Amino acid sequence: MKIDFTKNGDGLVPAIIQDARTKNILMLGYMNQEAVEITQKTQKVTFFSRSKQRLWTKGEKSGNFLHLVDIKNDCDNDSLLITVRPEGPTCHTGTDTCWGEVNSQEFGFLSTLESIIASRKENSENEKSYVASLFRKGINKIAQKVGEEAVETVIEAKDNDDSLFLNESADLLFHYLILLKAKGFSLEDVVKVLESRH
């Protein structure tokens, strides 16, 4: 890996820190060549502090280390993307990221859908939506719907109509998300199980 430490004139390159599991950006730091070498040797991310003018390993005082997974440089060889396994919060303020965000795994639109389902559950007594009505009917009805959608998905999988198969697959996934929420779980809980089996 070639890194151009000369481009900015101070011997430093920006290092973007990303959680290897959630893919969230945790912080931005700066590294010189020695910081990169120490990071690779110790497998704990070490930066060059511009304010203290010295090397510092993230977590050296707090114990909230950033355990190295991978280092990549960009197309110009003047910035780094470092994936890590964080041990505790990353920011010195105690938050998961230096932008005050929670470092939870996101699944694009599925996470948006999970939030909508959660809202319908919380307001199920006043909501007039289909999802709220399922929550009012209880776990047995929700589980039954998942079973029905699973059977319909299997039936469509045996035919040649891709559109019907995808629609039934969407219905199955939608109702499964409702079942997860009814049981007090989320997609992230299922992903953790799958990761533990990997």
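Residues numbered from 1 in each chain as written. Predicted model: local features only at pLDDT ≥ 70, side-chain atom pairs only at ≥ 80, totals over all residues. Heavy atoms only, no water.

Draft legend 1. Structural context of the nonpolar core. Within the largest apolar cluster, 18 residues are counted, with the highest numbers of intra-cluster contacts made by Ile-17, Met-31, Val-45, Phe-47, Leu-66, Leu-80 and Ile-82. When residues of this core are traced back to their parent elements, those giving at least two are strand S1 (13–19), strand S2 (25–31), helix H1 (33–42), strand S5 (66–73) and strand S6 (80–86). Contact partners of Ile-82, with chain neighbours within four places excluded, come to Ala-15, Ile-16, Ile-17, Gln-18, Met-31, Val-45, Leu-68, Asp-70 and Ile-71. Ranked by size, the runner-up nonpolar core spans 12 residues in total, among them Val-146, Leu-179, Leu-180 and Leu-187. (Core = buried A, V, L, I, M, F, W, Y, C linked by side-chain atoms within 4.5 Å. Buried < 20%, exposed > 50% of the residue type's maximum accessible area, 1.4 Å probe, protein only. Helix = DSSP H or I, 4+ residues; strand = E, 2+ residues; numbered from the N terminus. Contact = heavy atoms within 4.5 Å.)

Draft legend 2. Quick peek at the pairing of S5. One ladder, built from seven bridges, connects S5 with S6; its direction is antiparallel. Its bridge partner lying in S6, His-67 is registered against Arg-85. Between the end of S5 and the start of S6, which pair antiparallel, lie six residues, with Asn-77 showing a positive phi angle near 60 degrees. (Pairing = 2+ DSSP bridges.)

Draft legend 3. Up close: the packing of helix H3 (residues 130–137) against helix H4 (residues 139–157). Remark: H3 packs on H4, axes separated minimally by 5 Å, with the N-to-C direction vectors making an angle of 120 degrees. Between H3 and H4, the interaxial angle falls into the category oblique. Contacts between H3 and H4 involve Tyr-130, Leu-134, Phe-135 and Lys-137 on the former and, on the latter, Lys-141, Ile-142 and Lys-145. Taken together, the residues of the contact of H3 with H4 break down into four nonpolar, no polar and three charged. (Axes fitted to C-alpha atoms, helices over the stretch in contact; angles between N-to-C directions. Parallel < 35°, antiparallel > 145°, perpendicular 65-115°, else oblique. Nonpolar A, V, L, I, M, F, W, Y, C, P; charged D, E, K, R; others polar.)

Draft legend 4. Expanded view of the environment of Lys-183. Note on placement: Lys-183 falls in the loop between helix H5 (162–182) and helix H6 (187–197). C-alpha of Lys-183 to C-alpha of Arg-50: the two residues are 133 residues apart in sequence and 49 Å apart in space.

Draft legend 5. Up close: the pattern of salt bridges. In the structure shown here, the tally under the stated rule is six salt bridges. Ionic pairing is found between Arg-21 and Glu-188, a salt bridge with its closest N-O pair at 3.3 Å. Taken together, the positions of Arg-21 in the loop between S1 and S2 and Glu-188 in helix H6 put the pair 167 residues apart, joining distant regions of the chain. Assessed through its relative accessible area of 16%, Glu-188 is described here as buried. Where Glu-149 meets Lys-145, a salt bridge forms, and the shortest distance between an N and an O atom there is 3.6 Å. Placement of both Glu-149 and Lys-145 in helix H4 is noted, with a separation of four residues, approximately one turn of the helix. Overall, Glu-149 belongs to the buried group, its relative accessible area being 5%. Linked by salt bridges that have partners in common, Lys-145, Glu-148 and Glu-149 make up one network. (Salt bridge = Lys/Arg side-chain N within 4 Å of Asp/Glu carboxyl O.)

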